[in-house]
Structure formats: C-alpha cells, structure tokens
Amino acid sequence: MVISPYIAQLEKLMFGGMYENDFFLTWDKTDDELAAVFAVADALRALREANISTKVFDSGLGISLFRDNSTRTRFSFSSACNLLGLTVQDLDEGKSQIAHGETVRETANMVSFMADVIGIRDDMYIGKGHTYQKAFSEAVRQGHADGVLEQAPTLVNLQCDIDHPTQCMADMLHVIHEFGGVEKLRGKKVAMTWAYSPSYGKPLSVPQGVIGLFTRFGMDVVLAHPEGYEVFPEVEEVARRNAEASGGSFTKVGTMAEAFEGADIVYPKSWAPFAAMEKRTKLYENGDDAGIRELEKELLAENAQHKEWTCTEELMSLTTGGSGLYLHCLPADITGVSCEQGEVDASVFDRYRTPLYKQASYKPYIIAAMIFLAKQKDPIASLRMLEQRGLERHCR
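Residues numbered from 1 in each chain as written. Predicted model: local features only at pLDDT ≥ 70, side-chain atom pairs only at ≥ 80, totals over all residues. Heavy atoms only, no water.

### Section: the sheet that holds strand β4 (residues 154-160)
At step 1: As summarised here, the arrangement of the four strands in space is β2-β1-β3-β4, forming an open sheet in which the pairing is parallel. Since the sheet does not close on itself, it has two edges, and those belong to β2 (87-90) and β4, each with one partner. Geometrically, the sheet is characterised by an average inter-axis angle of 20° between neighbouring strands, direction not taken into account.
At step 2: With five bridges joining them, strand β3 (residues 115-122) and β4 adopt parallel strand pairing. The partner of isoleucine 118 across the bridge, within β4, is leucine 155.
At step 3: Against the sheet, helix α5 (residues 129-145) makes contact with β1 (61-66), β3 and β4, and its axis sits at roughly 170° relative to β4, the strand it touches most. (Pairing = 2+ DSSP bridges. Helix = DSSP H or I, 4+ residues; strand = E, 2+ residues; numbered from the N terminus. Axes fitted to C-alpha atoms, helices over the stretch in contact; angles between N-to-C directions. Contact = heavy atoms within 4.5 Å.)

This is the structure in structure tokens:
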C-alpha cells in the first residue's frame, strides 16, 4: 500500500477540529493539525504518482478570488481542486456586481450555492485582507444556518496581509523532505532576511508566515532586515511564543551576513515597510492616486538605499558547509536576469533552480490536503477507500 506510512502518521494525530472548518492562519492550528496537512498532502501525492485517482467529489465548485496577481498560487488552487474532483470558477470582481456595490454578504452567498471551497488572496492592504476573508466566511456560514446554502464552503487563505499559509506550509514540507523528516529539523538555523528589490509594495505575509510557522519545529529562526522594514509586532510575538514552546529560538539581527552565518536554510525575500503599507492602505481608501504615485517613488528610493541586501555567492559561503538550502516563494528578482540588481545573484538562483521548483510543487498538494481535511469527515477512511478503489487516473 503506497499510503501506509501516511495512514500510520494520521492514526497518531488529533485533527477532528479541521472538519467543516476554515484555514486562515497557521498559528491558529494545533501541531497535530499541521502534521495532518503534511501527511495528507504526501498521501495524495503518493496516490497520484501511483496513477490512482484521488477524486472524492463527483461534482461541486472551488471558487477562487484573487485580489492580487498570481501564477503559482492560482494554478496550485486549480490543481488542488481538480485533484479532488472539483471544478474551479474564478470570481472576477471586474465582471461581477461587486463593481456596482454588491455587499460581501450577498456576493459570498450568491457564488456558494454549489461551492465546497473558496480560496481567497487579499494581501495588498494592511488591516484589510484577513478581515475580508473572515467576513466572507461568516457570510457563508450564516447563509448555511439560514437554510440558503446546503453546505458552508470551506475558506482557504491563499494569502492575506498577515499570513501566506499555503506557501509557508509548502515551504515547510519541502524542508521536511530535504532534511529527511520533522525530527531532523530541531536545532537547524533558518535565516529569514529582507532582500533588495527594484519594485515596491511586496506583502509582509511571506516573512510573517515563515517566522510564524518555522518556529513551531524547534528551529533557530533569525529575522534580518534594514531599519524600517519591521514586520507585524504581533507576529513576532507569535514567533517568540512558538520558539519557547518548541525548544527553538527566535532572534533578530541587523545584517544578512549575521543571519547567513551557520544557517542551514536561507530565505532572502523583499517586502515593504510596515508603515508604508499602512499609508498605502489609507491612500487607496481615499482614492488618492497622486499620493499613491508619490509613495511609490518614496519606497523605491528607500529600497535603493539597501542594495547591499542581496543573496550572493559570498553570503551563501557563510551557510553550513557553504551549501545551505536556499528558499524563495518565486518569482525572485534575479540580478542580471529579471532586473539589473535584485534579491539574488543569477549564479545562486541557477544552482538552486531545481530545488526551488520542487519547493513550489508541494503547494497544490498542501491546498488539496487543507480541503480534504475540511470536507472529509473521516479522512483516514477516505484515503483508504481511494487506494482500495484503485481507479486509474489515466490510461497508460
């Protein structure tokens, strides 16, 4: 049986609270619930690679709502829904009645009559994304309670202003496999560092997601950034609590070199200053286009003061054995390739291209696992049924 190891893992875990529930933030989930996502993701991947169909739905919709541009997450959500047997329908706000003032409550109910899952990316504005996702979820749950909807669709956070759980969970599953198991992660040093980008306004949710998740595994997580590029203090506190509980550590340093020194894993990634993101939110609320353009100029000038914050071969030589694992959520700003100077040197990126693509490949399975655990009352029995049924995914 190809999924026996994953069934054995699941049998030791308590994850019943995920059934008919949403997935907003990783730190809202228990250790067992996170472990269940990893186990189901691996099981689904094993079944697919064995050419066994994993369709647990005969019909139904997965609704995607992207309020920011996306390639990897958009296709990962579609792949995850298709893997389980759901059809994906993208909600294009520009083509909907939302542009005419339709309320969140009405939109949520109108798109959910036959929906089993709704994936939302809303990461651009501080204080807005997570709030919008919660409001959407509350609306469909009220619709179900009122008898309008036959079921309450599960909401999956495809990135908000606070966290990017599908990305960071995929990152972690990649790390687990690269290092040979969760038990091998304790004491490993992780450098989550800011890196220079010639663009502005990148969300804080990836670095926040990384420090909020990786500190759950007894790892020594280091956050590095120039002055003014702080992340949410509330998320830093989450990281500190996680590190204390797991036996790891969470520290902050002021240079990339300090962070990279002896690191087993490095994650150099650009993000916008917290204060600037708050300012941008207010400008958008007021429809101040001139103010937004002026802010963009200010932020680009501020970024340009820190061009030395880039992942170079010299910095990589400071990592454990000079070969620490390089992570990035992609797309990376590659010096001499996608920009004149960016987050990472081309030689470093090229050397890690295959591992980076493997890192990205876990995301469809992570999303599918989140949906599976939310919609299957007995996930272990469902996985066993899929393998015993043995339907070929395609004729070979």
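### Some details on the pairing of strand β7 (residues 249-253)
Along any regular strand, the residues point their side chains to alternate faces of the sheet.
At step 1: Across five bridges, strand β6 (residues 220-224) lies against β7 in parallel orientation. In the strand pairing of β7, aspartate 220 is matched with serine 249.
At step 2: With respect to chirality, the unit in which β6 leads through helix α8 (residues 233-246) into the neighbouring parallel β7 is right-handed. (Right-handed = clockwise from strand over helix to strand, strands pointing away.)

### Observations concerning the packing of helix α14 (residues 353-361) against helix α15 (residues 363-375)
At step 1: Relative to each other, α14 and α15 sit at 15°, their axes nearing to 5 Å. Taken together, the axes of α14 and α15 are roughly parallel relative to one another. Counted together, Gln359, Ala360 and Ser361 of α14 and Lys363, Pro364 and Tyr365 of α15 form the full contact between these two elements.
At step 2: When grouped by side-chain class, the residues that make up the contact of α14 with α15 number three nonpolar, two polar and one charged. (Parallel < 35°, antiparallel > 145°, perpendicular 65-115°, else oblique. Nonpolar A, V, L, I, M, F, W, Y, C, P; charged D, E, K, R; others polar.)

### Brief notes about the environment of glutamate 308
At step 1: Within the secondary structure, glutamate 308 is located in the loop between α11 (289-304) and α12 (313-316).
At step 2: By relative accessible area, which is 54% here, glutamate 308 ends up exposed.
At step 3: Placed 66 residues apart in sequence, glutamate 308 and alanine 374 show a C-alpha to C-alpha distance of 44 Å.
At step 4: Among the polar contacts made by the side chain of glutamate 308, one reaches the side chain of tryptophan 309 at a distance of 3.4 Å. (Buried < 20%, exposed > 50% of the residue type's maximum accessible area, 1.4 Å probe, protein only. Polar contact = N/O pair within 3.5 Å; in protein donor to acceptor, adjacent residues only side chain to side chain.)

### Focus: the pairing of strand β8 (residues 265-269)
At step 1: Extensive coverage of β8 is indicated by the burial of five of its five residues.
At step 2: In β8, alternate side chains face the same way, and those of Ile265, Tyr267 and Lys269 on one face and Val266 and Pro268 on the other are all buried.
At step 3: With five bridges connecting them, strand β5 (residues 189-194) and β8 associate as parallel partners. Counted as the bridge partner of methionine 192 is tyrosine 267 from β8.
At step 4: Note that β8 and strand β9 (residues 325-326) share two bridges and pair parallel. Along β9, the bridge assignment pairs isoleucine 265 with leucine 325.

### Quick look at the side chain of aspartate 116
At step 1: Looking at the element boundaries, aspartate 116 is found in strand β3.
At step 2: Buried charged residue aspartate 116 carries no salt bridge. Nearest counter-charge: lysine 375, at 4.5 Å.
At step 3: If sequence neighbours within four positions are ignored, aspartate 116 has contacts with Phe57, Ser59, Gly60, Leu61, Leu86, Gln151, Pro153, Thr154 and Lys375. (Lys, Arg positive; Asp, Glu negative; His and termini not counted. Salt bridge = Lys/Arg side-chain N within 4 Å of Asp/Glu carboxyl O.)

### So, the sheet that holds β7
At step 1: Within the open sheet, the five strands sit side by side as β7-β6-β5-β8-β9. Their pairing is parallel. The open sheet has two edge strands with one neighbour each: β7 and β9.

### Details of a nonpolar patch on the surface
At step 1: Residues Met110, Phe113, Met114 and Val148 make up a contiguous nonpolar surface patch of roughly 420 Å² in combined accessible area.
At step 2: Among the structural elements, valine 148 can be located in the loop between α5 and β4.
At step 3: Judged by relative accessible area, valine 148 falls into the partly exposed class, the value being 45%. (Patch = residues over 30% accessible without salt bridge, like charges linked within 9 Å, V, L, I, M, F, W, Y side chains within 5 Å. Areas by Shrake-Rupley, 256 points an atom, 1.4 Å probe, with all protein chains shown as cover.)

### Remarks on the packing of helix α6 (residues 165-179) against helix α7 (residues 205-214)
At step 1: At a minimum axis distance of 9 Å, the contact between α6 and α7 shows a crossing angle of 50°. Relative to α7, α6 is oriented oblique. As for the relative orientation of α6 and α7, their crossing is right-handed in sense. Where α6 approaches α7, its residues Cys168, Met169, Asp171, Met172 and Val175 are matched on the opposing element by Val206, Gly209, Val210, Leu213 and Phe214.
At step 2: The residue makeup of the contact of α6 with α7, split by class, is eight nonpolar, one polar and one charged. (Left-handed = near helix turned anticlockwise from the far one by under 90°.)

### Description of unusual backbone geometry
At step 1: The omega angle of the peptide bond from leucine 330 to proline 331 is 0°, so this bond is cis rather than trans.
At step 2: By the secondary structure assignment, proline 331 is in the loop between β9 and β10 (334-335).
At step 3: A positive phi angle is found at glutamine 159, which is not glycine, with a value near 135°.
At step 4: Inspection of the secondary structure puts glutamine 159 in strand β4.
At step 5: By relative accessible area, which is 6% here, glutamine 159 ends up buried.
At step 6: A positive phi angle, close to 65°, is found at leucine 330, a residue other than glycine.
At step 7: If you trace the backbone, leucine 330 turns up in the loop between β9 and β10.
At step 8: Using a relative accessible area of 13% as the deciding quantity, one classes leucine 330 as buried.

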